[in-house]
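Listed here are the chains, written in short residue letters.
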Amino acid sequence: MSDKVQPNPNEATTHDAQLAAEQIVSGQEKAPKVDFEADYAAAQQFSVSEIDRTEEGKTAAEAATAPKYEIPEPEKTT
């Protein structure tokens, strides 16, 4: 699903954004097309590396997150 960008120069947060919005509104520049679903699908490819999908990656993750110090069991007191 491709959405059309409809800029409002009054809502721009920076001077550059305001200039870009004014140029799009005046017709000097074309508005960029945004495809949120395609961007989301592409982002999913970067969310997990190839090694993380293997047993070697699982072992490396466990080693990286393992506690560095031994935690003793609490002693019961009366």
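Keep in mind it's a predicted model, so treat the numbers as computed, not measured.

### A word on the overall build of the protein
Within the protein, the secondary structure is distributed over 3 helices and 2 strands. Listed by position from the N terminus, the elements making up the protein come as β-α-β-α-α. Against the globule reference of 12 Å for 78 residues, the protein gives a C-alpha radius of gyration of 25 Å, more extended than a compact globule. Across its three principal directions, the C-alpha atoms of the protein cover 75 × 35 × 20 Å. Scored against the burial criterion, the 78 residues of the protein give a buried share of 5%.

### Here's the deal with helix α1 (residues 15-26)
Over its 12 residues, α1 runs 16 Å from end to end, which matches the ideal 16 Å to within 8%, given 1.5 Å per residue. Looking one or two residues past α1, G27 carries a phi angle of roughly 95°, positive in sign.

### Describing the pattern of salt bridges
Summed over all chains, the structure comprises 1 salt bridge. The residue E50 makes a salt bridge to R53 at a minimum N-O spacing of 2.8 Å.

### Things to note about the environment of Q23
You can see Q23 is positioned in helix α1. Using a relative accessible area of 33% as the deciding quantity, one classes Q23 as partly exposed. When the C-alpha positions of Q23 and P7 are compared, they lie 9.7 Å apart, and in sequence the two are 16 residues distant. Those residues in contact with Q23 that sit more than four places away from it in its chain are Q28 and E29.

### Describing the environment of A12
Of note, A12 is situated in the loop between β1 (2-4) and α1. Considering only alpha carbons, one finds A12 and E22, 10 residues apart in sequence, at a separation of 9.8 Å. Excluding its chain neighbours within four sequence positions, the residues that come into contact with A12 are A17 and Q18.

Conventions adopted
Residues numbered from 1 in each chain as written. Predicted model: local features only at pLDDT ≥ 70, side-chain atom pairs only at ≥ 80, totals over all residues. Heavy atoms only, no water. Helix = DSSP H or I, 4+ residues; strand = E, 2+ residues; numbered from the N terminus. Rg over C-alpha atoms; globule rule 2.2 N^0.38 Å. Buried < 20%, exposed > 50% of the residue type's maximum accessible area, 1.4 Å probe, protein only. Expected span 1.5 Å × (residues − 1). Salt bridge = Lys/Arg side-chain N within 4 Å of Asp/Glu carboxyl O. Contact = heavy atoms within 4.5 Å.

So far we have only geometry, and geometry alone does not tell us how the molecule works.
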